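# Report on the structure
Spelled out from the first residue to the last, the chains are:
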Amino acid sequence: MSTRIPRLPWGVVVPIASLVLLAATWSNYEHPAVLVTIAVFLVGAVVAAVHHAEVVAHRIGEPFGSLVLAVAVTAIEVGLIVMLMIGGGEGASTYARDTVFAALMITLNGIAGAALLIGALRHRLASFNATGTGSALSTVIALAAVCLVLPGFTVSERGLEYTAGQLAFAAVASLVLYGGFLFTQTVQHRDFFLPVTSDEHGRVTGVMTAADADEDGHADPPTDREAWTSLALLLASLVSVVGLAKLLSPTIESAVGSLGFPYAVVGVVIALLVLSPESISAIRNAARDRVQISLNLAYGSAMASIGLTIPVIAVASIWLEGPLLLGLESMQIVLLTITVVVSILTLAEGRAKALQGVVHLTLFATFLFFSVKP
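Rules behind the numbers
- Residues numbered from 1 in each chain as written.
- Predicted model: local features only at pLDDT ≥ 70, side-chain atom pairs only at ≥ 80, totals over all residues.
- Heavy atoms only, no water.
- Helix = DSSP H or I, 4+ residues; strand = E, 2+ residues; numbered from the N terminus.
- Buried < 20%, exposed > 50% of the residue type's maximum accessible area, 1.4 Å probe, protein only.
- Contact = heavy atoms within 4.5 Å.
- Areas by Shrake-Rupley, 256 points an atom, 1.4 Å probe, with all protein chains shown as cover.
- Axes fitted to C-alpha atoms, helices over the stretch in contact; angles between N-to-C directions.
- Parallel < 35°, antiparallel > 145°, perpendicular 65-115°, else oblique.
- Left-handed = near helix turned anticlockwise from the far one by under 90°.
- Salt bridge = Lys/Arg side-chain N within 4 Å of Asp/Glu carboxyl O.
- Polar contact = N/O pair within 3.5 Å; in protein donor to acceptor, adjacent residues only side chain to side chain.
- Expected span 1.5 Å × (residues − 1).
- Arc of directions from axis to C-beta.
- Phe/Tyr/Trp six-rings, centres within 6.5 Å; stacked < 30°, edge-to-face > 60°.

Counting secondary structure elements, the protein chain contains 13 helices and four strands. Per-residue burial over the protein chain gives 52% buried out of 374 residues. Here the contacts in the protein chain between residues at least 6 apart in sequence split such that 82% fall between residues at least 24 apart. Total accessible area on the protein chain stands at roughly 16700 Å², and carbon and sulfur atoms take up 67% of it.

The structure is reproduced here in structure tokens:
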């Protein structure tokens, strides 16, 4: 009598298969068929990452769930930035800046805009805690100002660079700001970052209970073993996403060059790929009337992109050759300024109409267009 072997769920198979593919093709991936396979598994790894992030979030609750996904993605993204900078080549001196700025525009306008639009269309108004989300935005603004705007206005170093001492200060300031926000979000004022309930006018009436939040298809919270397994598979999926994106980067660079686009577009494409798990998760939560979680993901990812990248780059610059240009160009500063002003107006009341989502998405489209046609 034959024994039937149980099937492994896709959430287990895809991350493991993606890691195997990454290891097998790391040194030989130029063939078109291999590149297509890499692209397919990259998409699968993104979907698997979103699934396992939601399982972990369901076990540990908010805002820890969105924090796990944001920090995990960004930590691996930092490794990708360092690897590409070590590889040198055209644009290596501005790669960190271009990728971090792209992450800011994707999160503040793309992810937040999509979440607000979908949340408002599905539920008439998108509601969130203005106090918690506002503190997140203020931290992002401070990080962006210190790390990306000021380098172009200092006089100790010519151009868009920091001196070694200034870069060290920016790195420490980044860690202080990010650490302070994490303490506020997870310890001191955790309730400001939980999903909210609202009345028919979109005014916040309270914090969503566990029963209210449990409308995502999970009957019961996963066990500790299931949560730890999903955490391991989440990390495997994210490593696969970033590693496979790294393998596709030469093809992306060639495509960008052949189309005559600026090299900064490479950073935009890589950031779009790496941030795709947060994007999907944010949209899914917005559709379930949990816009607060979507904004936690958006602003948390923006914060982590700067707060983790700049300290690591500051240390890596000791060994990296060539200049490190962190200062934004004039057009980038204008886009960042407009985004900050619009974001402040969006968050002021703790509720948003679909129009505000459209405004942010239009700014995101503007960023994409002028990245291609500066």
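Having put the structure on the table, let's press on.
What follows is about the packing of helix 2 (residues 32-60) against helix 10 (residues 276-287). Packing of helix 2 against helix 10 brings their axes to within 9 Å, and their N-to-C directions diverge by 55°. Judged on the interaxial angle alone, helix 10 and helix 2 are oblique. Like other packed secondary-structure pairs, helix 2 and helix 10 cross with a definite hand, here right-handed. Contact with helix 2, carried on its side by Val46, Ala49, Val50 and Glu54, involves Ser276, Pro277, Ile280, Ser281 and Arg284 of helix 10 and no other residues of that element.

Under the criterion given, the structure shown has three salt bridges. Across the salt bridge formed by Arg97 and Asp98, the nearest N and O atoms sit 3.1 Å from each other. Across this residue pair, the class does not change: Arg97 and Asp98 are buried. Salt bridges here are not isolated pairs; linked through shared partners, they connect Arg97, Asp98 and Glu329.

A few words on the side chain of Ser294. On the secondary structure map, Ser294 appears in helix 11 (residues 291-316). A distance of 2.6 Å separates the side chain of Ser294 from the backbone oxygen of Ala282, its partner in a polar contact.

Quick look at helix 13 (residues 354-372) now. With 19 residues, helix 13 extends 27 Å between its outermost C-alpha atoms, agreeing within 8% with the 27 Å of an ideal straight helix rising 1.5 Å per residue. Taken as a whole, helix 13 has its buried residues at Gln356, Gly357, His360, Leu363, Phe364, Phe367 and Ser371. Along helix 13, the residues classed as buried sweep out an arc of 125° about the axis, all on the same side. On its buried side, helix 13 packs onto helix 4 (95-123), helix 9 (264-274), helix 12 (330-347) and strand 4 (351-352).

With that settled, the discussion passes to the packing of aromatic side chains. The full count for this structure, using the stated rule, is four aromatic pairs. Ring centres 5.7 Å apart and planes at 80° place the aromatic pair Phe101 and Phe367 in the edge-to-face group. Here Phe367 lies in helix 13 and Phe101 lies in helix 4, a separation of 266 residues in the sequence. Phe367 carries the same exposure label as Phe101, and that label is buried. Where Phe181 meets Phe193, the ring centres are 5.5 Å apart and the plane angle is 85°; that geometry is what we call edge-to-face. Pair noted here: Phe181 is in helix 6 (residues 164-188) and Phe193 is in the loop between helix 6 and strand 2 (196-198), with a separation of 12 residues, a long-range link. Taken as a pair, Phe181 and Phe193 share a single burial class, namely buried. An aromatic cluster of at least three residues, connected via ring pairs, comprises Phe101, Phe364 and Phe367.

None of the figures reported here should be taken as evidence of function without further support.
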